[in-house]
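Summary of the model geometry
Chain residues, written in single-letter form:
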Amino acid sequence: MKVRRGIYSKAICPTLLWGLLLVMVAGCQNRAAEELVNGEQGLSSSDRVKVDLVLGVDQFDGLLTTMRVISPEQESKIATLKVLSFSVPTSTTAYDDEKYFDTPEILSGPTLDGNHYKVSLQMKPGRQRLVFLANVPGNTLPSDITIGMTKKQVYDKLVFPFSIDGWKAGNRTGAGPFDPIPMWGESNVGTLSFGDYFANKGAGGAIRLYRSFARIDVGFGFKDPATPGDPLPDTINDYDPKQFPLKDPVVILFHPATTFRLAGDMRNISHATYKVTAPTLPTPLEYHPSKPDIYDLPGWFIMPKGDYKGRIVRSIYVPETPSPSGTRIILDTDYEGAECFYNLDFSREVGGQKQSMPLLRNKRYRINITNATKAGYPTVEEALNAGSN
């Protein structure tokens, strides 16, 4: 059955010699460790402590880029915020055994101040860790999360559905509605006392929030910037589709996970680089089946037909998956006059060997299509069941 391309704006792409590049470059800010720091004396209520904090959201872990549909501000937006406090009675308390004991009151914020968000809390004293949950779907936590639960019990319930139609991220031009991306972050353990006024270190000690999704960019003939660290271009000015064997390609996402875990796990984050090193997955992990005939995913375009500057698909946000991932990118295109399908899985060459990659939260994956040397698979099903080509 032929895939209907109804609403897709067509483009012309170069590759199926292709590569997946996960650029392991620091984000836009270099911050110190997350922590609560004892500040000057101040007066709170008789049983609460006032806390002023700074939250930071780095770029997606990868090379700085202008390639996105929603703006950098939208991609880092904290629209809503929930804060949970977990007691950590001793230095030997296991991470999973920290107990939910308070829901701090948000006195003000989150308020954007430059590249950071400021928030003021009123909270119980004690030895504790703060957990920040931004942009919770529906702005509502599951009703069965209750005081006294362990962190593992709470985090296991912070699982939300992911639509087969993808995350709403505007359209090709950057206009249209978008849903702020869910995020999670934690402070280090701090001890609050009655009458103390605690404050975060400020810009140098902003508590990091990590987006719950990975971002995927698909493009054609990417060229690295001349100066390392400079943004990648939004278009490829010397790209001429007439010289490329693939005609009118469409990029389609298949088999995203059905759910995602909003909260990650600090044990899956490097304490040296603050980068995510392993996925934090719902149990069980399941994938959406293929849609039978129509793959109308608004905003997932390559470029308008007739536009001879190679644009990039840059609105794909997906939940974490393990390695190898069941999520696939399929390229629906024409090669030498016949429709065919290419499977772009998440792998890269390491030491001459193909290595599968997980999809990790807060990371950006770049699929670079550079050439096509033969026709793809004749059907979507064959492409999905085959290896990368």
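This structure is a prediction, so every number in the text was calculated from the model and none was measured.

Conventions used here
- Residues numbered from 1 in each chain as written.
- Predicted model: local features only at pLDDT ≥ 70, side-chain atom pairs only at ≥ 80, totals over all residues.
- Heavy atoms only, no water.
- Phe/Tyr/Trp six-rings, centres within 6.5 Å; stacked < 30°, edge-to-face > 60°.
- Helix = DSSP H or I, 4+ residues; strand = E, 2+ residues; numbered from the N terminus.
- Buried < 20%, exposed > 50% of the residue type's maximum accessible area, 1.4 Å probe, protein only.
- Salt bridge = Lys/Arg side-chain N within 4 Å of Asp/Glu carboxyl O.
- Core = buried A, V, L, I, M, F, W, Y, C linked by side-chain atoms within 4.5 Å.
- Contact = heavy atoms within 4.5 Å.
- pLDDT = per-residue confidence, 0-100.
- Pairing = 2+ DSSP bridges.
- Axes fitted to C-alpha atoms, helices over the stretch in contact; angles between N-to-C directions.

A few points about the packing of aromatic side chains
- A complete count under the given rule lists 7 aromatic pairs for this structure.
- Measuring from ring centre to ring centre gives 6.3 Å for F86 and Y155, while their planes differ by 80°; the resulting arrangement is edge-to-face. One end of the pair, F86, is in strand β4 (residues 81-87); the other, Y155, is in helix α2 (residues 151-157), and 69 residues separate them in sequence.
- F86 sits in the buried class, given a relative accessible area of 0%.
- Among the residues examined, Y155 registers a relative accessible area of 3% and is labelled buried.
- Seen from their ring centres, F162 and F213 are 5.5 Å apart, and the 80° between their planes marks the pair as edge-to-face. Remark: F213 occurs in strand β15 (residues 213-220) and F162 occurs in the loop between β9 (159-161) and β10 (183-186); sequence separation between them is 51 residues.
- Given the relative accessible area of 0%, F213 is considered buried.
- Among the aromatic residues, ring-to-ring pairing joins F160, F162, F213 and F260 into one connected group.

Thoughts on the pattern of salt bridges
- Inspection of every chain in the model, using the stated rule, returns 13 salt bridges.
- The salt bridge involving D96 is made with R267; its shortest N-O contact spans 2.8 Å. Taken as a pair, D96 in the loop between β4 and β5 (99-102) and R267 in the loop between β17 (259-261) and β18 (313-319) lie far apart in primary sequence, 171 residues in all.
- For D96, a relative accessible area of 24% gives the class partly exposed.

As for the environment of S356
- Position of S356 relative to the elements: it lies in strand β22 (residues 353-356).
- Judged by its relative accessible area of 35%, S356 falls in the partly exposed class.

Some details on the nonpolar core
- In this structure, L133, V154, L158, W184 and I329 are the most contacted members of the largest nonpolar core, which totals 48 residues.
- No other element matches β15, which puts 4 residues into this core.
- In this view, I329 contacts V218, V251, I252, L253, I316, Y342, N343, L344, F346 and I367; residues no more than four positions away in its chain are not counted.

Focus on the confidence of the model for the chain
- Confidence in the prediction of the chain, expressed as mean pLDDT, is 74, and 66% of residues score 70 or more.
- Model confidence for the chain, summarised as mean pLDDT per element, is weakest for strand β2 (residues 37-41) at 35 and strongest for α2 at 97.
- Across residues 21-45, where pLDDT falls below 50, the model places 83 contacts with residues more than four positions away in sequence or in other chains.

Notes on the sheet that holds strand β16 (residues 246-254)
- Taking strand neighbours across the sheet as the criterion, the 3 strands line up as β16-β19-β20 in an open arrangement whose pairing is antiparallel. The sheet is open, and its two borders are formed by β16 and β20 (338-344), each paired with just one other strand. Put simply, the sheet's adjacent strands are angled 20° from each other on average, direction ignored.

Some thoughts on the pairing of strand β3 (residues 49-56)
- Among the 8 residues that make up β3, 6 are buried, leaving the element largely enclosed by the rest of the structure.
- As paired elements, β3 and strand β13 (residues 207-208) share 2 bridges and run parallel to each other. Opposite L55, over in β13, you have I207 as the bridge partner.

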